[in-house]
Amino acid sequence: MYRALLSRDPRCQRYSFPNGIICSVEFGHTYGNLLHFLPSCSKYLKSMPPRLPFGRVRNLLPQGHVIRRMSSQPKVYVTRPDVDDSGLELLRKSCQVSTWHETYPVPRSELIREVAGKDALYCALTDTVNKEVLDAAGPQLKCVATISVGYDHIDVEECRKRGIRVGYTPDVLTDATAELTLALLLATNRRLFEANKQVYNGGWKSWAPMWMCGQGLKGSRVGLLGFGRIGQEIAARIVPFKPAEITYTTRTPRPEEAAAVNARYVDFDEMLRKSDIIVVCCALTPETKEIFNAAAFQKMKSNCILINTARGAVVDQKALYEALKSNQILAAGLDVTTPEPLPLDDPLLKLDNVVILPHIGSADIETRKEMSRITARNILSALAGEKMEAEVKL
């Protein structure tokens with residue numbers, strides 16, 4: 001195969017001939033010298049005048065043959081075909097976009113194969129992006145962007161070493177996640193799912209004074225593990241229910257933000273001992289992984305309800321099962337689990353005092369659309385060497 005000597009000239013465009021030969025020619029360049037570079041293409045070019053601009057070359061080729069301009073656009077691989085198309089359309093305007101074709105997570109072998117040679121990776125929480133994936137992608141990979149606020153599925157240290165920028169979607173899903181957290185809290189606190197089952201299984205016989213009674217939010221003590229954007233919005237939504245107290249635990253107290261919702265900073269041990277409801281809204285870090293373990297459950301009140309809409313691995317699920325089964329704590333509401341999806345034979349699914357949702361915290365239509373667009377804009381900014389809308393600090 002011949003390659004034109006001009007192929008490294010940044011002013012050149014790449015073209016391929018019907019016989020498979022690839023060349024690079026400066027746009028508008030005359031073709032008198034082209035035969036010198038590509039003699040085997042002479043049958044397609046022999047009728048050309050010695051100084052014919054490229055714009056007329058199509059009319060001189062034999063019928064059915066064209067010189068095809070090969071794209072120099074950056075290549076992006078998207079691991080989900082079911083993200084909102086508004087984000088993909090942004091990418092398609094200036095990038096070559098290839099996508100996994102099924103609505104379940106891309107198999108590992110497929111990801112390894114398809115990421116090769118790509119300039120950017122558009123991924124989701126279900127994709128583990130580690131050294132193996134980055135090696136397969138190659139040195140030209142400039143950006144990994146995830147359609148999520150969490151990025152613990154990405155090896156950010158390995159990305160830092162390689163100069164690969166990482167994008168995420170932290171702010172757009174704050175309200176949606178706070179709303180879902182409050183809904184899950186109320187459903188668990190007031191036993192809505194338990195009561196709903198009674199309608200269908202014949203358990204609803206008649207009204208009874210204490211049947212299906214749950215706990216109210218009014219007068220309760222609510223503790224938040226984590227007090228970032230989502231934690232603050234959850235607290236703001238709890239305030240109208242008139243709790244006795246809202247407390248929070250973080251690595252660093254946030255007195256100004258806490259004052260807005262009349263929340264008090266406490267250490268983790270005090271939160272465990274005094275809370276009627278504990279809401280998990282922290283990031284997954286080595287310090288928070290399985291922080292809710294057997295020892296933690298032993299310190300909690302017997303009427304305490306645990307709500308987790310953060311990350312499944314913050315909770316030791318075996319310990320949670322034992323605490324719920326033995327009535328060490330009253331109930332739990334989970335929007336996140338380990339693994340996801342939870343196997344149908346998982347013992348947690350056999351308990352009546354747990355509500356489990358399929359990780360739908362940000363599943364608001366407009367929120368998911370904007371998450372798709374932010375992920376796309378993060379990629380486009382990274383490819384252009386510009387500031388990203390939401391970039392992980394490496």
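This report concerns the structure included in the present document. (Residues numbered from 1 in each chain as written. Predicted model: local features only at pLDDT ≥ 70, side-chain atom pairs only at ≥ 80, totals over all residues. Heavy atoms only, no water.)

1. Here's the deal with the environment of Leu91
What counts here: Labels follow the DSSP assignment, with helices taken as runs of H or I lasting at least four residues and strands as runs of E lasting at least two, numbered in each case from the N terminus. Accessibility here uses a 1.4 Å probe with only protein chains present; expressed as a share of the type maximum, an area under 20% marks a residue as buried, one over 50% as exposed, and anything in between as partly exposed. Residues count as neighbours in contact if any of their non-hydrogen atoms are within 4.5 Å of one another.
With respect to the element layout, Leu91 can be found in helix α3 (residues 85-92). By relative accessible area, Leu91 is classed as buried at 0%. Once residues within four sequence positions are removed from consideration, Leu91 is found in contact with Val76, Val97, Tyr122, Ala376, Ile379 and Leu380.

2. Thoughts on helix α9 (residues 229-238)
Selection criterion: As used here, the arc belongs to the directions running from the helix axis to the C-beta atoms.
Residues Ile230, Gly231, Ile234, Ala235, Arg237 and Ile238 constitute the buried set of α9. The buried residues of α9 all sit within an arc of 165° when viewed along its axis, so they share a single face. For α9, the secondary structure elements touched by its buried residues are α7 (174-189), β9 (221-225), β10 (245-249) and β12 (277-280).

3. Some details on the pattern of salt bridges
Test applied: We count a salt bridge whenever a side-chain nitrogen from Lys or Arg sits within 4 Å of a carboxyl oxygen from Asp or Glu.
Counted by the stated rule, this structure contains 27 salt bridges. Measuring nitrogen to oxygen at the nearest pair gives 3.0 Å for the salt bridge that ties Arg165 to Glu391. Taken together, the residues span a long stretch of sequence, with Arg165 in strand β8 (residues 165-167) and Glu391 in the segment after α14 (365-383) at a distance of 226 residues. Overall, Glu391 belongs to the partly exposed group, its relative accessible area being 30%. Where Lys299 meets Asp269, a salt bridge forms, and the shortest distance between an N and an O atom there is 3.0 Å. One end of the pair, Lys299, is in helix α12 (residues 294-299); the other, Asp269, is in helix α11 (residues 268-274), with 30 residues separating them in the sequence. Since its relative accessible area comes to 42%, Lys299 is described here as partly exposed. Residue Asp269 is classed as partly exposed on the basis of its relative accessible area of 30%. Several salt bridges share partner residues, and in doing so they unite Arg221, Glu245, Arg264, Glu270 and Lys274 into one network.

4. Some remarks on the packing of aromatic side chains
Put simply, the rule reads: Pairing of aromatic rings covers Phe, Tyr and Trp, the last through its six-membered ring, and needs centres within 6.5 Å; plane angles under 30 degrees mean stacked, over 60 mean edge-to-face, and all others mean tilted.
Per the counting criterion, the structure on display carries five aromatic pairs. Pairing Trp100 with Tyr104 gives two aromatic rings, centres 5.7 Å apart and planes at 70°, and the pair type is edge-to-face. On the basis of relative accessible area, Tyr104 is assigned to the partly exposed category, the value being 44%. With a centroid separation of 5.5 Å and 80° between ring planes, the pair formed by Phe268 and Phe292 is classed as edge-to-face. Of this pair, Phe268 sits in helix α11 while Phe292 sits in the loop between β12 and α12, placing them 24 residues apart in sequence. By relative accessible area, Phe292 is classed as buried at 0%.

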